[in-house]
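Now for the letters of each chain:
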Amino acid sequence: MDQEQLVRQIMAEVLAALGNAPRSGATGPAGPGARVTKDDYPLGERSPELISSASGKRLADFSLDKVLSGEFSADDFRIAPQTLELQAQVAESDGRDSLARNLRRAAELTAVPDDQLLGVYNALRPYRSTKAELYAIADDLETKYHCVINAAFIREAADVYAQRGRLKAD
């Protein structure tokens, strides 16, 4: 299979999975501030107008021809934090609170550069950081990127590592 065929196959699968048009009887939320529920899932089929990429492209803007023509960049395929929040609402409405929390953490992290995320990941590995270093990472995420949930998560990890003796020696 050549590269163009592979791209066509992948895009066809992605578009089929997300849906290009609402089903008849779509139930999307009504009005500003309305929340989505499990009845709105899958959002790509029932409420595609709510879904956009981090660059602002709407789901309806995506097509295989536009991808092949080079109209889209890699950034156009990054998920928007608002889309992750919608997915969190769906999960929450189905009683999947852990999944909803994970999606909200992910939504916060969309603002953090990839290289910094990798640094955070490495710092959180046992014996890689002191408690002060982990707290500094949490402070940095909170102040620079408004990652309040993730900052609390990292501080909690630092405290647990301290209790379990998993911190780097000072």
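The structure presented is a predicted model; accordingly, all values stated were derived computationally and were not measured.

Another point: the overall build of the protein. Scanning the protein from terminus to terminus reveals eight helices and zero strands. For the protein, the N- to C-terminal ordering of α and β elements is α-α-α-α-α-α-α-α. Sequence-distant contacts, at least 24 apart, represent 56% of the contacts inside the protein between residues at least 6 apart.

Time to look at unusual backbone geometry. In the segment running from Y41 into P42, the intervening peptide bond is cis, with an omega of -5°. Within the element layout of this structure, P42 appears in the loop between helix 1 (3-18) and helix 2 (43-46). Despite not being glycine, Y127 shows a phi value in the positive range, around 70°. Take Y127: it is sitting in the loop between helix 6 (114-123) and helix 7 (131-145). Phi at H146 is positive, roughly 60°, even though this residue is not glycine. Along the chain, H146 falls in the loop between helix 7 and helix 8 (148-164). Relative accessible area serves as the criterion here: at 60%, H146 is assigned to the exposed category.

If you look at the biggest cluster of nonpolar residues, it comprises 12 residues: V112, V120, A123, L134, A138, L141, Y145, C147, A151, I154, A158 and Y161. Counting only elements with at least two residues in this core, the list comes to helix 6, helix 7 and helix 8. Each residue touching C147, except ones within four places of it in the same chain, is listed here: E108, L109, V112, L141 and E142.

Taking 1.5 Å per residue, 15 residues should reach 21 Å; helix 7 reaches 21 Å between its end C-alpha atoms and fits that length. Those residues of helix 7 not exposed but buried are L134, A138, L141 and Y145. For helix 7, the angular spread of the buried residues around the axis is 90°, confining them to a single face. When the buried face of helix 7 is taken as reference, the exposed residues oriented beyond 90 degrees from it are A132, T143 and K144. Those residues of helix 7 that are buried lie in contact with helix 6 and helix 8. H146, located one to two residues past helix 7, shows a positive phi value of around 60°.

Turning next to the confidence of the model for the protein. For the protein, mean pLDDT is 86; residues scoring 70 or higher make up 81% of the total. Counted against residues more than four places away or in other chains, residues 17-27, with its pLDDT under 50, gives 23 contacts.

Taken as a whole and judged by the stated rule, the model has three aromatic pairs. Ring-pair connections join several aromatic residues into one group, and the members of that group are F62, F72 and F77. Geometry around F153 places R105 over its ring, the cationic atom sitting 4.5 Å from the centre.

With that settled, consider the side chain of D40. Among the secondary structure elements, D40 is positioned in the loop between helix 1 and helix 2. Buried charged residue D40 carries no salt bridge. Nearest counter-charge: R46, at 6.6 Å. Only 2.8 Å separates the side chain of D40 from the backbone nitrogen of T37, close enough to count as a polar contact.

Conventions and cut-offs
- All chains use their own residue numbering, which begins from 1 and follows the written sequence.
- Restriction of local features to residues with pLDDT of at least 70 applies here, the model being predicted, together with a cutoff of 80 or more for giving and counting side-chain atom pairs; totals for whole chains, interfaces and linings are based on all residues.
- Each side-chain value is derived from all of the structure's non-hydrogen atoms; neither hydrogens nor water enter the calculation.
- Note on conventions: DSSP H or I runs of at least 4 residues are helices, E runs of at least 2 residues are strands, and numbering of each starts at the N terminus.
- Two residues form a contact once any of their heavy atoms are found within 4.5 Å.
- Only protein chains enter the accessibility calculation, which uses a 1.4 Å probe. A residue is then buried if its area is under 20% of the maximum for its type, exposed if over 50%, and partly exposed in between.
- We call a set of buried residues a nonpolar core when its members are Ala, Val, Leu, Ile, Met, Phe, Trp, Tyr or Cys and they connect through side-chain atoms within 4.5 Å of each other.
- Any helix carries an expected span of 1.5 Å times its number of residues minus one.
- Arc, as used here, means the arc of the directions from the helix axis to the C-beta atoms.
- On a scale of 0 to 100, pLDDT captures the predictor's confidence in every residue.
- Ring pairs are drawn from Phe, Tyr and Trp, using the six-membered ring of Trp, whenever the two centres fall within 6.5 Å, and their geometry is named by plane angle: stacked under 30 degrees, edge-to-face over 60, tilted for the rest.
- Working rule: Lys NZ or Arg CZ, within 6 Å of ring centre, within 35 degrees of ring normal, means a charge sits over the ring.
- Counted as positive: Lys and Arg. Counted as negative: Asp and Glu, with His and the chain ends omitted from the count.
- Basic side-chain nitrogens of Lys or Arg form a salt bridge, by our definition, when they fall within 4 Å of a carboxyl oxygen of Asp or Glu.
- In protein, a polar contact requires one atom able to donate a hydrogen and another able to accept it; more generally it is a pair of N or O atoms within 3.5 Å, and residues adjacent in sequence count only if both atoms are side-chain atoms.

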